[in-house]
Amino acid sequence: MQEPKRYLVTSALPYANGPLHIGHLAGAYLSADIFVRFLRLNGKDVVYVCGSDEHGAAITIRAKKDGTTPQAIVDRYDESLRTTFEKIGISFDIYHRTSAPIHHETSQEFFRTLNQKGEFVEQTKEQYFDESASQFLADRYIIGTCPKCSHPEAYGDQCENCGSTLSPTELIDPRSTLSGAKPVLKSTTHWYLPLDKYEDWLREWVETGKLEGELLHYPDEWKNHVLGQCKSWLDGGLQPRAMTRDLDWGVDVPQEIEGSEGKKLYVWMDAPIGYISATKQWAIDNGKDWKPYWQDKETALVHFIGKDNIVFHCLIFPAILKAHGDYIIPVNVPANQFLNLEGRKLSTSKNWAVWVHEYVEEFEGKEDELRYNMIKNMPEQRDSEFTWKGYQETNNNELVNNLANFINRVIVLTNKYYDGVVPTINPDLQIVDSSNQIEMSYQESELVDLHDKLQEIGEHIRKYEFRAALKVLMEISSTGNQLLQFNEPWKLIKTDEETVKVVMNTGLQVVTALSVACRPFLPFTSDKIRDILNLPRLEDNGEYMDLLNKLSEGEVILPDGHKINKPNHLFTKIPDEVIDAQIAKLEATEKANKGVSYEPVKETIAFDDFTKLDLRTGTILTAEKVRKTKKLLKLTVDLGFEERTVVSGIAEFFKPEDIIGKQVLLLANLAPRKLKGIESQGMILMAENSDGVLDFVSPGDGMGNGFVVK
RNA sequence: GGCGCGGUAGCUCAGCUGGUUAGAGCGCAGGAUUCAUAAUCCUGAGGUCGGCGGUUCAAGCCCGCCUCGCGCUACCA
């Protein structure tokens, strides 16, 4: 494979129903931003696109809850996301949105093409329909009692109380969120993408990098967990996936297609196409042609995402692109794992997060400090951790003490000794190099090493190893500190002024290199260093490449006689109080979450309703785990007059041997149901607290079996 | 339960296709130094590489079993 002619880089489209947190940043945005900034600095043709994902049922429901329109919701969060990204320095070429007309047109064109080519399979299934609102109900539009935890407000796809995944037909007493009416089952037709048919080429492409005999990527350049996840899906056998939904918020299925009425595109069909429509809009805005970026084989398409999106970007979207026929497929999908916060998973609903829009307000001017810490702890190969203490330590020890201090030392001394003018040197003079071993001539010593380190940073970035790249950047700065320490210009100035000039000139070259090399990671700092050096700010247009060329030619990168500015602190220490305040904020959240939440009392029932329940005392005689399940135990319960087999979802809390002989209460007249092939004849009564912990509700000692509870 | 990824110094993490005394940063201990935002530099202590077994002349790296964390999936009458 040869070097690509151009790059099209995407970051996952954030969903426009909430603000941005550090997990998003660490997952899909910072890594992409480093990558594209580096490419631009090397004079590459690259377009970096992103935008708000503004469709899907969650947004309409949110709108309904807030008493507003879906458009108002997405407008609000699109604005929030857009400004937050800008403030933290994510350098999209365009941040678009899927509610834009050009996106609707683009995704409809895709649908139309796939339909015309006969790629879809139409299938009719039974689905809930709200007769009073005369429309089909998406999973999220149906609420009912959770069959698992009896939470009365479970959604059709998931119960937020117990976290179980549900399907709408499982809900007890389902009702429509639109009208409150009881929905009826009615058949509806959808267009399915037959992923099973693409399985063979997808497998070959993922595992060998080859598609129709052409090598498109080297599989060992893909991350382990990405390949593993793909193989897992492929081995499990891909199933046809519906590309349409019965919704009223989203991209319409093209009108001329029969049966399109009331149908919208599935968000996972529509969202990735958002990358394409964003590129189109960018091309219009900049007088460019979008097509080569998506349709020319010499373009490298790279998707930056979090691990939750792997299947969509590695299998489903490539399948859509290839089914269309005119498009290239990604050369790599360097997905990151998840970032945890202070030992716990980030959670939007539990407010367990560091919100980026809050950070940029509370820590104004410290954008790079957050970027640095996030890159240093980026979850590249496994889940990683953000802690405020760690943030403080890296800031104080690495940014202030190492990087900013080195630069400050050089700038201060240059101003002191030479009134801020880069000194002319005698190139034959020798200085001690940073390993403090051999004395070498000026050009051989630091500048050769500098060139190698800059090269090394590039190699790491090209391999998506951003943590490693950042580490090398800091090594350059450490080397600079050593240079000063070993040569001690503050002492030498008294005896050997000419050699001091060599030391200081070298230090200045290193600072200049840092102003370029730090750019992908710390763009704001790059500007600050350029200002201090009295050099023009970088325009992200080949400057890294120029720098390497000059160094390999043995040319200096900051010429003699250049006048620099006065010193200015690049970073300042973050005191304990600031960190303590942030930790206190999280503790307050934790406390709020810990507050026991009680479920609302259900609707009042008549005494007769209660008497319909036949509750009995019983004793567990036997208990064994149901094979191939995590939660199920098969129990035999003695009711005195008979024995019942009961399957109960308590295996996570109780070992079979520990509950034999346990007195329990059993709902004895519940209709039997088969679970994993075993008929369960009744239900054991359990109490569940707000943490989801279960315990038996038992009669007191000595109560025999089979007696009625009333 | 199935599948995938991971479990390496007190902390955060590197370790390429198996090959000499297992690495980095922070933290810790001792020393040097003062140009610099009490910053910097040097030296050192710290690990039976999750556990057990196997393959091999040789295993952190390969194989099997077990265990813990995370994700996907099945699943909670």
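Numbering of residues starts from 1 in each chain and follows the order in which that chain's sequence is written. Whichever chain is written first is A, and whichever ligand is written first is 1; the rest continue in order. Two thresholds apply to this predicted model, a pLDDT of at least 70 for residue-level local features and 80 or more for giving and counting side-chain atom pairs, whereas whole-chain, interface and lining totals are computed over all residues. Side-chain numbers here rest on the full set of heavy atoms in the structure, without hydrogens or water.

Colleague: Sorry if this is basic, but what is going on with the overall build of chain A here?
Modeller: Helical segments are the DSSP runs of H or I of at least four residues, strand segments are the runs of E of at least two, and each set is numbered from the N terminus. Across its full length, chain A holds 21 helices and 29 strands. Scored against the burial criterion, the 710 residues of chain A give a buried share of 53%. Across chain A, contacts joining residues at least 24 apart in sequence account for 72% of those joining residues at least 6 apart. Remark: exposure states derive from per-residue accessible area (1.4 Å probe, protein chains only) relative to the maximum for the residue type, with buried under 20%, exposed over 50%, and partly exposed in between. Working rule for contacts: check all heavy atoms of both residues, and any pair within 4.5 Å makes them a contact.

Colleague: What's the story with the protein's contact with RNA strand B in this structure? I'm lost.
Modeller: N405, R409, K573, K631 and S680 are the nearest of the 60 residues found near RNA strand B. Any pair of N or O atoms that falls within 3.5 Å is considered a polar contact. Within protein, one atom must be able to donate a hydrogen and the other to accept it, and sequence-neighbouring residues count only if both atoms are side-chain atoms. The contact in question runs from a sugar or linking oxygen of RNA strand B to an N or O atom on the backbone of Q229, over 3.3 Å. At 3.4 Å from a sugar or linking oxygen of RNA strand B is found a side-chain nitrogen or oxygen belonging to R467. Ranked by residues supplied to the surface near RNA strand B, first place goes to helix 12 (residues 388-418) with twelve residues. We call a residue near a molecule or strand whenever a single non-hydrogen atom of that residue lies within 4 Å of it.

Colleague: Explain unusual backbone geometry here, please?
Modeller: As a rule of thumb, non-glycine residues mostly have phi less than zero, and peptide bonds are mostly trans rather than cis. Phi at Y464 takes a positive value of approximately 65°, unusual for a residue other than glycine. Structurally, the position occupied by Y464 is in the loop between helix 13 (443-462) and helix 14 (466-487). The backbone of N534 sits at a positive phi, close to 60°, despite the residue not being glycine. Within the secondary structure, N534 is located in the loop between helix 17 (523-533) and helix 18 (543-552).

Colleague: Would you take a moment to explain a nonpolar patch on the surface for this structure?
Modeller: Patch membership requires more than 30% relative accessible area and the absence of a salt bridge. Residues of like charge join within 9 Å; the nonpolar side chains Val, Leu, Ile, Met, Phe, Trp and Tyr join within 5 Å. All accessible areas in this document rest on Shrake-Rupley with a 1.4 Å probe, and a residue is counted as covered only by the protein chains that are shown. A side-chain nitrogen of Lys or Arg and a carboxyl oxygen of Asp or Glu constitute a salt bridge if their distance falls within 4 Å. Taken together, I605, F607, F610 and L613 make up a surface patch of nonpolar side chains, about 410 Å² in accessible area. For F607, a relative accessible area of 60% puts it in the exposed group.

Colleague: Could you clarify how one ought to interpret helix 11 (residues 367-376) in this entry?
Modeller: When you tally the buried positions in helix 11, you get nine out of ten residues, the bulk of the element. Turning to helix 11, its buried residues are E367, D368, E369, L370, R371, Y372, N373, M374 and I375.

Colleague: Looking at this structure, how should I read a negative patch on the surface?
Modeller: Charged residues are defined here as Lys and Arg on the positive side and Asp and Glu on the negative side; His and the ends of the chain fall outside this count. Charge placement uses NZ in Lys and CZ in Arg. For Asp and Glu, CG and CD serve respectively. Among the surface-exposed residues, D452, E456, E459 and E475 lie close enough to one another that they form a single negatively charged patch. In terms of residues, the negative patch owes the most to one element, helix 13, which gives three residues. The residue E475 is located in helix 14 in this model. Exposure remark for E475: the relative accessible area of 31% places this residue in the partly exposed category.

Colleague: Before we go on, may I ask you to explain the packing of helix 11 against helix 17 in this structure?
Modeller: Helix-helix packing is described using two parameters, namely the angle between the two axes and the distance between the axes. Where helix 11 contacts helix 17, the axes come no closer than 8 Å and their chain directions differ by 125°. Viewed along their axes, helix 11 and helix 17 adopt a mutual orientation that is oblique. The segment helix 11 lies against helix 17, with E367, D368 and R371 engaging P523, F524 and T525. Residues were grouped as follows: Ala, Val, Leu, Ile, Met, Phe, Trp, Tyr, Cys and Pro as nonpolar; Asp, Glu, Lys and Arg as charged; and all remaining residues, including Gly, as polar. Of the residues assigned to the contact of helix 11 with helix 17, the class counts are two nonpolar, one polar and three charged. Whenever a helix is involved, its axis is fitted only over the stretch in contact; in every case the axis is a line through C-alpha atoms, and angles between N-to-C directions fall within 0 to 180 degrees. An angle counts as roughly parallel when it lies under 35 degrees, as roughly antiparallel when it exceeds 145, as roughly perpendicular when it falls between 65 and 115, and as oblique in every other case.

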